[in-house]
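Coordinate inspection notes
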Amino acid sequence: MSDEYPLQRESEYSWRIDPFGKMRVPGIIYADENLIRDMDNKVFEQLCNVAGLPGIVQAAYAMPDAHWGYGFPIGGVAAFDAEQDGVVSAGGVGFDISCGVRALRTGLTIEDIEPVKKQLADALFKNIPVGVGSTGRIHLNDKGMTAMLRGGARWAVEQGFGNAEDLQHIEEKGCMAGAVPEEVSARARKRQQDEMGTLGSGNHYLEVQRVAEIYDQRIATAFGLRENDAIVFIHCGSRGLGHQIGTEFLKYMVLEASKHGIELPDRELACAPINSELGQAYLGAMRAGINCALANRQIITHLTRQVFADVLPQADLTLIFDVSHNTCKVETHQVEGRKRKLYVHRKGATRAFGPGHPDLPETLRAIGQPVLIGGSMGTESHILAGTEQGTELSFNSACHGAGRAMSRHQATKLWRGRSVVDELADRGIIIRSPSMRGVAEEAPGAYKDVRAVVDAAEKAGLARKVARVEPHVCIKG
Amino acid sequence: MGLRGFGDTLAQAFEQVALALTATVTELGLVTPQRCVDIECEGSDQELLLVDWLNALVFEMATRRMLFSRFTVKLVDHRLIGKAWGEAVDRQRHSPAVEVKGATYTALKVAQQENGGWLAQCVVDV
């Protein structure tokens, strides 16, 4: 924890940095004492930098899993008002646009899975393209790419991947409005043409999990979850296309910042006024990137269903929800007694709409949005639900994962991939990955304690804990 | 992941960072420099040029599905003329650990050292 930054404790689970220097609004961090003590000073520095961007509203927020990122902290949330010269930032969204998690019920219990677990792991690993250099079975020409970028998961369903019912349980009903495929460059399209339906690498994965503990019976029942149920988590994003959009617009925004009179304390904070040609171009491209991620997770869902149909024909995979955690979305929030249209950036933070939110599907409206928090490989993940007070606390945002506790380099010095796989196997967790070094870099010990993170999120009021799930099979990128 | 290259000249430092880029993915010694890809970037700011160079390599790695293990860089005025030698990714042999998403402006620095040599560094997102 920092002595350099004037952190004031507001409550047991929230901390505040009052504006100083170029900050226009305060910085607010949701965390318990241990989490805040372990946070890198860079998180506070980056949060203060974000708080100084033009048009920022209310506060710059950091979630309990915050760690230092590129420009914005990862686990950072900031909302901007276009009418007050607010900005949109490519760095505030990140390279992996709309990276996110979706969870599926299987209609099975873990006892149904156990006898064929190895066979299931092998079949998933064989049929779902994963890791560096992997390609999908779908190869899009330019026209197909444009349709995908405009339609998102809805396009994927039209192509035969999944069903219309799935779309009800995806943010934006599976299709991000306002996407402008024409703003996505030929280079970004080229990076994507063979990558549809691929998981990627790094921290991306597909897991078969067991519902190990229910915290909130009423909400769990509404989400269709019972203890011992087998469920599937899929974590991936917009692949090469999103990375290339991020790369290109970051540069354009760096080069244009001075033209718009924007002073950047860190080039990675590059941004453009929402009401500028560049700002609008980025929003159009970024929304197309969101659609790419939604389509990608929809295709992977279809492949997962095919594998289950082969190995466990009695399975029925239905979507619990699909969340994105690297986005900028236009939302209406009450600020100082007035409803305002804001451009909410969430970088490594999950949208968490509370009960009654009009954008939630009818089946979830009374309960709140499922918030899916992926833990590290071999530990546990969590399912939470949005709260009513979330809108005033953090523009309805919560944490997104455990957050790294050390670098990849440090992790490879501490663990060997093969030993990690063997140790997890002893605990009944099957890992399949094309790279043992990748496994070592993602070793469970390289991450923070996800339970501390979700506990802090709940205690701070950002989301309500519903269930804890444990991995049984992990296909790791 | 942070990358850092040192060289007697600026061009050499750029070549060294490129080697570090491959090392984030696999062991350099496993990549045979069989095929050459030409890369050109342009920019008056040396730091932005470094990011462009690395991003051009990320793009070629991703779209050609190649890994590179030998690089040459020539800097002429504000232009970078680069060559990268490598081969197609072999998932068995190279066992690639991560995919680089892009080079960032974080910890970005290109500077001449006191001993006259050059340093080039930045963080890449993986």
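As annotated in an unreviewed UniProt entry, chain A is tRNA-splicing ligase RtcB from Microbulbifer marinus. In UniProt, chain A has this text filed under Sequence similarities (unreviewed entry): "Belongs to the RtcB family." Quoted verbatim from the Subunit (unreviewed entry) heading of the UniProt record, the comment on chain A is "Monomer."

A count of helical and extended segments in chain A gives 17 helices and 19 strands. If one aligns the C-alpha atoms of chain A with their principal axes, the spans along those axes are about 60 × 50 × 50 Å. Taking all 477 residues of chain A together, 67% fall into the buried category. Sequence separation of at least 24 residues holds for 77% of the intrachain contacts in chain A that already meet a minimum separation of 6.

A word on the UniProt feature "binding site: Mn(2+) 2" (unreviewed entry) in chain A. All names here are of chain A. Per the UniProt record, the feature "binding site: Mn(2+) 2" (unreviewed entry) sits at His-235 and His-325. What stands out for the annotated residues spanning 91 residues is how close their C-alpha atoms remain, the widest pair being 10.5 Å apart. Look past the residues within four positions of His-235 in its chain and what remains in contact with it is Cys-99, Gly-100, Val-101, Leu-199, Asn-203, His-204, Tyr-205 and His-325. Among the polar contacts made by the side chain of His-235, one reaches the main-chain carbonyl oxygen of Asn-203 at a distance of 3.1 Å. Counting through the fold element by element, His-325 comes out in the loop between strand E11 (318-324) and strand E12 (326-335).

Quick look at the packing of aromatic side chains now. Enumeration over the complete set of coordinates arrives at eight aromatic pairs over all chains. On the basis of an interplanar angle of 85 degrees and a centroid distance of 5.8 Å, the ring pair of A:Tyr61 and A:Phe395 is categorised as edge-to-face. Taken together, the residues span a long stretch of sequence, with A:Tyr61 in strand E4 (residues 60-67) and A:Phe395 in the loop between helix H13 (390-394) and strand E17 (397-398) at a distance of 334 residues. For A:Phe395, a relative accessible area of 0% puts it in the buried group. Taken together, the ring pairs connect A:Tyr5, A:Phe20 and A:Phe44 into an aromatic cluster. Here B:Arg70 stacks its cationic end above the ring of B:Trp85, 4.1 Å away from the centre of that ring.

This paragraph deals with empty space enclosed by the protein. Evaluated as defined, the whole model comprises two cavities of 30 Å³ or more. If you trace the largest cavity, you find 14 residues lining it, with A:Val132, B:Met61, B:Ala62, B:Glu99 and B:Val100 closest to the centre. Among the elements that make up the lining of the largest cavity, the one with the highest residue count is helix H2 (residues 46-64) of chain B (three residues). The calculated volume of the second largest cavity comes to roughly 60 Å³. Lining of the second largest cavity is provided by A:Tyr70, A:Ala90, A:Gly91, A:Gly94, A:Phe95, A:Gly246, A:Leu250, A:Glu268 and A:Lys347. Here the residues of the lining of the second largest cavity are counted per class, giving four nonpolar, three polar and two charged.

Residue and element names in this part refer to chain A. Most of E4 is tucked away: eight of the eight residues are buried. Two strands pair when backbone bridges link them, and strand E3 (residues 27-30) and E4 are joined in this way by three bridges, in the parallel orientation. Across the sheet, Ile-29 pairs through a bridge with Ala-62, a residue of E4. Bridge count for E4 against strand E5 (residues 74-80) is three bridges, and the pairing is antiparallel. Bridge pairing in E5 places His-67 opposite Ile-74. In this antiparallel pair of consecutive strands, E4 and E5, the connection spans six residues, and Gly-71 shows a positive phi of 80 degrees.

Here the focus is the interface of chain A and chain B. Counting residues at the interface gives 37 residues for chain A and 35 residues for chain B. Of the roughly 3100 Å² buried between chain A and chain B, counting both surfaces, carbon and sulfur atoms make up 53%. Considering only the surface of chain A that becomes buried against chain B, A:Tyr70, A:Val132 and A:Arg267 emerge as the three largest contributors, covering 22% of it. At the boundary of chain A and chain B, one finds seven salt bridges. The closest approach of N and O atoms between B:Asp52 and A:Lys251, which form a salt bridge, is 2.7 Å. For the side of chain A that touches chain B, the secondary structure elements donating two or more residues are helix H8 (186-192), helix H10 (239-256) and helix H16 (436-441) of chain A. Broken down by element, the residue count for the side of chain A that touches chain B peaks at eight residues, all from H10(A). Considering only residue class, the side of chain A that touches chain B consists of ten nonpolar, 14 polar and 13 charged.

Bringing the side chain of A:Ser394 into the picture now. All names here are of chain A. In this structure, Ser-394 sits in helix H13. Exposure remark for Ser-394: the relative accessible area of 0% places this residue in the buried category. With residues near it in sequence (within four places) discarded, Ser-394 still touches Tyr-30, Tyr-61, Met-63, Val-77 and Leu-462.

The next thing to look at is the sheet that holds strand E1 (residues 7-11) of chain A. All names here are of chain A. Spatially, seven strands are ordered E1-E2-E3-E4-E5-E13-E12 in an open sheet, and the strand pairing comes out mixed. Of all the strands in the sheet, the pair left with one neighbour each is E1 and E12. Shown here is a sheet whose adjacent strand axes are inclined to one another by a mean of 25 degrees, direction ignored. Sheet contacts for helix H11 (residues 277-311): E12 and strand E13 (338-347); angle to E12, the most-contacted strand, approximately 110 degrees.

Analysis parameters
- Residues numbered from 1 in each chain as written.
- Chains lettered and ligands numbered in written order.
- Predicted model: local features only at pLDDT ≥ 70, side-chain atom pairs only at ≥ 80, totals over all residues.
- Heavy atoms only, no water.
- UniProt positions renumbered as here; feature names shortened; annotations may be inferred.
- Helix = DSSP H or I, 4+ residues; strand = E, 2+ residues; numbered from the N terminus.
- Buried < 20%, exposed > 50% of the residue type's maximum accessible area, 1.4 Å probe, protein only.
- Contact = heavy atoms within 4.5 Å.
- Polar contact = N/O pair within 3.5 Å; in protein donor to acceptor, adjacent residues only side chain to side chain.
- Phe/Tyr/Trp six-rings, centres within 6.5 Å; stacked < 30°, edge-to-face > 60°.
- Lys NZ or Arg CZ within 6 Å of the ring centre and 35° of its normal.
- 1 Å grid on protein atoms, 1.4 Å probe; cavity = no way out; pocket = protein on both sides within 12 Å on 5 of 7 lines; lining within 4 Å.
- Points joined across faces, edges and corners; volume = space filled by probe spheres on them.
- Nonpolar A, V, L, I, M, F, W, Y, C, P; charged D, E, K, R; others polar.
- Pairing = 2+ DSSP bridges.
- Buried area = accessible area lost by both parts, 1.4 Å probe.
- Salt bridge = Lys/Arg side-chain N within 4 Å of Asp/Glu carboxyl O.
- Axes fitted to C-alpha atoms, helices over the stretch in contact; angles between N-to-C directions.

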